[in-house]
Amino acid sequence: MAVGRRKVSLDPVEGDWLFGDSRRRGNGAGEIVALVSDLAGCSATELQTVMRRSDPGWGTDGLLLSEVDEAYFDESESFVTCIAFRLHENKLTLEIDFLVDHFDDEDEQERLVSRILAPFLRRHRMAVIGSWMNSGSTSPPWVWHARIGFATRNRTLDALYQVGLDAIALMDALRSGELTRETAGDLVRGGQATVLIGQPEGSWLDAKSQHYDLSTARGQISLAQSVTRFCNAEGGGVIVVGMSTKKVPGGEEIRGVCPVPLDKGIVRKYEQALEVRVFPPPDNLSVEFVPEEPGMLVLIDIPPQPEELKPFLVHGAVVDDHVEGSFISIVRRRGESSIPITAPMIHSTLAAGRALLRRGELPAHNEDQGSH
């Protein structure tokens, strides 16, 4: 259920902070502790104003967050999450904590944190403005902090909190190697493609050691089929061009990074091939080049697609080793294998659509688009 706008304000007499109707007090250390649920619908700009106006000791040092009611708080502060809001140079920032198993140099680790988080945060118009190791960490795993800057305008605290959770998940994925489509893509963007080594190709991951030959119809169809396999799957997928694989029992496993020659123009060639060969156009699909010495990787990120767009079709097919340009092909992913969508499945989809048209649940014709 959507939550309406809730005001963030300060009680100048008691020193309490108000999140809508919720009243929160300090923890005795110059910080306010609020529940994560308090953040819904609250303005980041208002929180920044309240923090700037607070008297010393009334929460100026930060807003800590808890997922448990204050009746269960204790002096250890173990109840707080790994995300907090703090002022830095009089601007509201988001701070996250995560674990690091090993590092050789603190400066290099700081650069690594920024490099990994930068592509993810850029999509949210945010950036790392500092990271450091917790001074209390004396043995691995070390606690590491990152401070994230952003403009507060039109931001809500709950949305910012979710960005913090996703950033922590990204750093945890780097540490554990337990990947999802989202974290794998962001780690490749952040220069950490090696974390994919040892990962099996499967329901959401595919790798190629060389470019698709986009100068030929066969190569364009192969690319289009690779993409539509994930478009027609439930969870989308990621394709990385520039990584080698090896056959293992049950499929293929990524074994190494083998960058393809640097060519920034190749991205547009991939996009053009997909525009010609795939119908309908996939939602929010991205093709990106990622620098990787001595060349580059190509990252194709296919988010989960709306069911009403499926099945995705490929204009062209390879039949008995011959390219049939007038054919269409439809494939989907099941585990490691790519299987064709059968004629009965296509027929059942068309029949269902006709039934909806007959009942008037789908428009028979879109006048804005004209006849086809």
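See above for the structure.
I will try to describe carefully the structure that is included in this document.

**Looking at the overall build of the protein chain**
In step 1: Summing up its helical and strand segments, the protein chain has seven helices and 20 strands in all.
In step 2: With 372 residues in all, the protein chain has 45% of them scored as buried.
In step 3: For the protein chain, the proportion of contacts with a sequence separation of at least 24, taken over those separated by at least 6, is 63%.
In step 4: Carbon and sulfur atoms make up 51% of the accessible area of the protein chain, which amounts to about 19,600 Å² in all.

**Describing the sheet that holds strand β2 (residues 17-19)**
In step 1: Spatial ordering of the open sheet is given by β1-β2-β3, a layout of three strands whose pairing is antiparallel. For this open sheet the edge positions go to β1 (8-10) and β3 (22-24), each flanked by a neighbour on one side alone. In this sheet, adjacent strand axes meet at a mean angle of 25° when their direction is disregarded.
In step 2: Note that β2 and β3 share three bridges and pair antiparallel. Following the sheet pairing, Leu18 is matched in β3 by Arg23.
In step 3: The strands touched by helix α1 (residues 44-53) are β1 and β2; relative to β1, the strand with the most contacts, the crossing angle is about 15°.

**Overview of the packing of aromatic side chains**
In step 1: In total, this model carries three aromatic pairs according to the counting rule given.
In step 2: Between the aromatic rings of Phe103 and Trp142, the centroid separation amounts to 5.2 Å while the plane-to-plane angle is 65°, which identifies the pairing as edge-to-face. Of this pair, Phe103 sits in the loop between β7 (91-100) and α2 (106-122) while Trp142 sits in strand β9 (residues 142-150), and the two are 39 residues apart along the sequence.
In step 3: Through a chain of ring-to-ring contacts, the aromatic side chains of Phe103, Trp142 and Trp144 assemble into a single cluster.

**Describing the nonpolar core**
In step 1: Among the nonpolar cores identified, the biggest contains 60 residues, and Leu47, Leu63, Phe85, Ile96, Leu117, Leu157 and Leu196 are the most heavily contacted of them.
In step 2: Element by element, the count of residues in this core is highest for helix α3 (residues 157-176), at nine residues.
In step 3: Once residues lying within four places of it in the same chain are set aside, the contact partners of Leu196 are Leu179, Ala184, Val188, Leu205, Val240, Met243 and Ile254.
In step 4: Judged by nonpolar contacts, the second largest core, of 24 residues, contains Leu223, Ile266, Val267 and Met296.

**Observations concerning the pattern of salt bridges**
In step 1: Tallying each qualifying case throughout the model produces 21 salt bridges.
In step 2: A salt bridge links Asp186 to Arg123, with the nearest nitrogen and oxygen atoms 2.8 Å apart. Of the two residues, Asp186 sits in helix α4 (residues 181-189) while Arg123 sits in the loop between α2 and β8 (126-133), which places them 63 residues apart along the sequence.
In step 3: Residue classification places Arg123 among the partly exposed positions, given a relative accessible area of 48%.
In step 4: With its nearest N and O atoms 3.5 Å apart, the salt bridge here joins Glu182 to Arg181.

**Side note on the pairing of strand β15 (residues 286-292)**
In step 1: Across seven bridges, the pairing between β15 and strand β16 (residues 295-302) is antiparallel. Within β16, the residue paired with Glu288 across the bridge is Leu299.
In step 2: Taken together, β15 and the strand that follows it, β16, pair antiparallel across an intervening segment of two residues.

**Re a negative patch on the surface**
In step 1: A grouping of Asp104, Asp105, Glu106, Asp107 and Glu110 is seen on the molecular surface, where their side chains present a negatively charged patch.
In step 2: With respect to the element layout, Glu110 can be found in helix α2.
In step 3: With a relative accessible area of 30%, Glu110 lands in the partly exposed category.

**A closer look at helix α5 (residues 217-231)**
In step 1: The terminal C-alpha atoms of α5, which comprises 15 residues, lie 20 Å apart, in line with the 21 Å expected from a rise of 1.5 Å per residue.
In step 2: For α5, the buried fraction is high: twelve of the 15 residues fall into the buried class.

**What about unusual backbone geometry?**
In step 1: Here Phe279 and Pro280 are connected by a cis peptide whose omega angle stands at -5°.
In step 2: Here Pro280 lies in the loop between β14 (278-279) and β15.
In step 3: Cis geometry marks the peptide bond from Lys310 to Pro311; its omega dihedral reads 0°.
In step 4: Examined against the element boundaries, Pro311 turns out to sit in the loop between β16 and β17 (313-319).
In step 5: Even without being glycine, Arg125 reaches a positive phi, approximately 60°.

Rules behind the numbers
- Residues numbered from 1 in each chain as written.
- Predicted model: local features only at pLDDT ≥ 70, side-chain atom pairs only at ≥ 80, totals over all residues.
- Heavy atoms only, no water.
- Helix = DSSP H or I, 4+ residues; strand = E, 2+ residues; numbered from the N terminus.
- Buried < 20%, exposed > 50% of the residue type's maximum accessible area, 1.4 Å probe, protein only.
- Contact = heavy atoms within 4.5 Å.
- Areas by Shrake-Rupley, 256 points an atom, 1.4 Å probe, with all protein chains shown as cover.
- Pairing = 2+ DSSP bridges.
- Axes fitted to C-alpha atoms, helices over the stretch in contact; angles between N-to-C directions.
- Phe/Tyr/Trp six-rings, centres within 6.5 Å; stacked < 30°, edge-to-face > 60°.
- Core = buried A, V, L, I, M, F, W, Y, C linked by side-chain atoms within 4.5 Å.
- Salt bridge = Lys/Arg side-chain N within 4 Å of Asp/Glu carboxyl O.
- Patch = residues over 30% accessible without salt bridge, like charges linked within 9 Å, V, L, I, M, F, W, Y side chains within 5 Å.
- Lys, Arg positive; Asp, Glu negative; His and termini not counted.
- Charge placed at Lys NZ, Arg CZ, Asp CG, Glu CD.
- Expected span 1.5 Å × (residues − 1).

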